[in-house]
Amino acid sequence: MDSDVPGSSGPELREYTALLRRRWRLAGAGVLGGLVLATAGVLGLPSAYTSVTAVQVQPTGLGEFTGEQSGRLAGGVNLDTEAQILVSEQVSAAVAQILADTGPGPAPTTDELRERVDVSVPPNSNVLEIHYSAGNPQAAQAGAAAYADAYLDLRRARAEELVGSQVEALRAEQENRYEALAAVPSGDARSPRDAALADALRQEITDLGNGISPLSALQETVRPGTVITPAGLPERASSPEPALWLVGGAALGLVAGLLAAVVRDRLDPLLRDTEETARIGRLPVLLDLAADSPRSPRGVRSPGLLTDGEDGGQRVNEFAHLVRARVRVPDAPGGGDGTEGAAGALGSDPGPGAGEIAELPELAGLAELAGADDRPGPGRVLLVAAGAPGRAGAATAVNLAAALARTGSETLLVCADPRTDTVGELLGLPEGPGLAEALLEGEDPGGLEVRPDAVPRLRVLRHGSPGLTAPVQGTAMTELVRLLRTNAEYVVVAVAPVSERADAHALAGSADLLLPVVELGRTRRVDLGGLLTLADRFGVPVPGTAVLPLQPSPGPAPGTDATEATDATDATDATEATDATEATDVQGGAVPAGTDPAASDGAGDGGPAPAGTATAQDGTATEADAETDVEDAGNEAPAASAEADDTGNESPAPVDAGARR
């Protein structure tokens, strides 16, 4: 669907999806690369087998000595402390000794053992899960079992050592009390004080004995924990896990591919889709033929002359109505009441009269066509400019002109692009005289126009005969555009791409509207920016853009031979000389001394003098002299037209039955 809303400055979700559609190959390459690397990792890395054993940690009853009553408790046991003890250097050293005694090969070092073991604590339990990894299943099973046994042995030995040391301390205290009791006098020599001391010592000895008895029993019955899940023999390798590695590799590859796609898209100088065109140009896309344009046999999509019965034709009709709404054509100016025409409403200069056209040697034969009426005509000039070489600009101009003509408007299509094959192909017109003959040889442009059978109300001014290139950038082209707009409601000018020629710059000042054409996959962002900058500098309105799919590759741009270049240069020089002479006459009221009036009147090439130009030898002129000059110009104009006709007859430009003059 056509976008009539300017693109936002920031990226949107649809822009990211469009980016993914444009750069799906990079994203796919990233996923494929991630899968390849993951597969290489699975095949290249050594396999590891993990055996798991579970140990239930039981309280020893010596919390006040072992610290079991602090930290995260589960049944009175601090599991955080026990987990750290299990992977400690002391336990790892015992495991290394066990593996060295039972294993067939050399035992790993304590550092290697600590890297291979991992301890986890299931929530709300007093269980330690020991995970031990090795290069083969048997080594993994032996390592897990060795860690469980070494931990339990260390825990038992620690409890027994604490109980034994406490029992020995109590027994030493008891012996001291016995010795003190033996030193107390007995018999008749005992005083009441000695008797009380003896009773106290006997009570302490009894209390110490009561403390020694349970500790001695505890020392014989210490149970540090139990292996509730013996270490099993792993059936398959725990790492690398193929499924995890492949999924992870694909995900990482997708992320890398998307990042590469974003970077590549930001660095891509070409415009790739409609959303990007609207975002870069900050203009609505008024015509979008890229979505459903038919494909050519080579796979390159190319719109032809679209009719009302096609979906693309209706899109072009919408485009034409939008353009008509932006540049409404007012009524033709009335006779002599000073009412402004279309060009005057837009602030354009007045249209060309006979005198102004006569100033240009190339258009000397067109003086009679303009007559003496200097008021502008009602026509609007629509400048269609493509950013890249090819047929996109001409195809857009042809379809726009045809759509305007189908609305009932008298429309003239001017082929200012030297590549004229597209216009002839779409409208079924042969090569023939046109714009080049009108500018270089002064032929009547009305006599050079042809009407294609496909669009009866459309008139076409072809570029010119083979071998001729119209000097579009000359002053004569500007004056010719002013003349053409008096005879048509819409003048659609198809100019050469801005990346090849500066024709669009030369005609921007005469245009009422500029329509940039973007060919996806070929038009650069800088080309679109250049067109918008051009419109801004010349003050030409730009309602929006037209987007076309990638067209067939363009051929080389037609060159200008030496003769045509000389003619164009001479014409420009003659025009500049005429302008300088007229400016001198207006400012000084006389021709400078030593200047031939005839040379001044003829602008250096024998052409007729402009109407109203003073040519008196003594620097003064009368109105009668000016009227005489106008009559002379009128008498010489037919001769110039005759010469132009003779020249035009020499160039082979037959018009077949498919085109009517």
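Above this text is the structure in question.
These remarks concern the structure in this document.

Rules behind the numbers
Residues numbered from 1 in each chain as written. Predicted model: local features only at pLDDT ≥ 70, side-chain atom pairs only at ≥ 80, totals over all residues. Heavy atoms only, no water. Salt bridge = Lys/Arg side-chain N within 4 Å of Asp/Glu carboxyl O. Helix = DSSP H or I, 4+ residues; strand = E, 2+ residues; numbered from the N terminus. Buried < 20%, exposed > 50% of the residue type's maximum accessible area, 1.4 Å probe, protein only. Contact = heavy atoms within 4.5 Å. Polar contact = N/O pair within 3.5 Å; in protein donor to acceptor, adjacent residues only side chain to side chain.

### Here's the deal with the pattern of salt bridges
Close approach of charged atoms allows side chains of opposite charge to pair.
Right, on to step 1. According to the stated counting rule, one finds 24 salt bridges in the structure shown.
Right, on to step 2. R315 is the salt-bridge partner of D311, the closest N and O atoms lying 3.4 Å from each other. One end of the pair, D311, and the other, R315, are both in helix α11 (residues 311-326), four residues apart, so they sit about a helical turn from each other.
Right, on to step 3. Residue classification places R315 among the buried residues on the basis of a relative accessible area of 15%.
Right, on to step 4. Through salt bridges with shared partners, a single ionic network connects R23, R264, D265, R266, D268 and R272.

### Some remarks on unusual backbone geometry
Right, on to step 1. Residues S239 and P240 are joined by a peptide bond in cis, for which omega reads -5°.
Right, on to step 2. Checked against the element boundaries, P240 lands in the loop between β4 (225-229) and α9 (242-267).
Right, on to step 3. Despite not being glycine, N124 shows a phi value in the positive range, around 55°.
Right, on to step 4. Here N124 shows up in the loop between β2 (117-120) and β3 (127-134).
Right, on to step 5. Residues other than glycine seldom take positive phi values, yet R282 does so here, at roughly 55°.
Right, on to step 6. Tracing the chain through its elements places R282 in the loop between α10 (274-281) and β5 (285-288).
Right, on to step 7. Judged by relative accessible area, R282 falls into the exposed class, the value being 52%.

### Observations concerning the environment of D308
Right, on to step 1. By the secondary structure assignment, D308 is in the loop between β5 and α11.
Right, on to step 2. Here the alpha-carbon distance between D308 and A403, two residues 95 residues apart in the chain, equals 8.7 Å.
Right, on to step 3. Leave out the neighbours within four places in its chain, and D308 touches Q314, N317 and R406.
Right, on to step 4. Only 2.8 Å separates the side chain of D308 from the side chain of N317, close enough to count as a polar contact.

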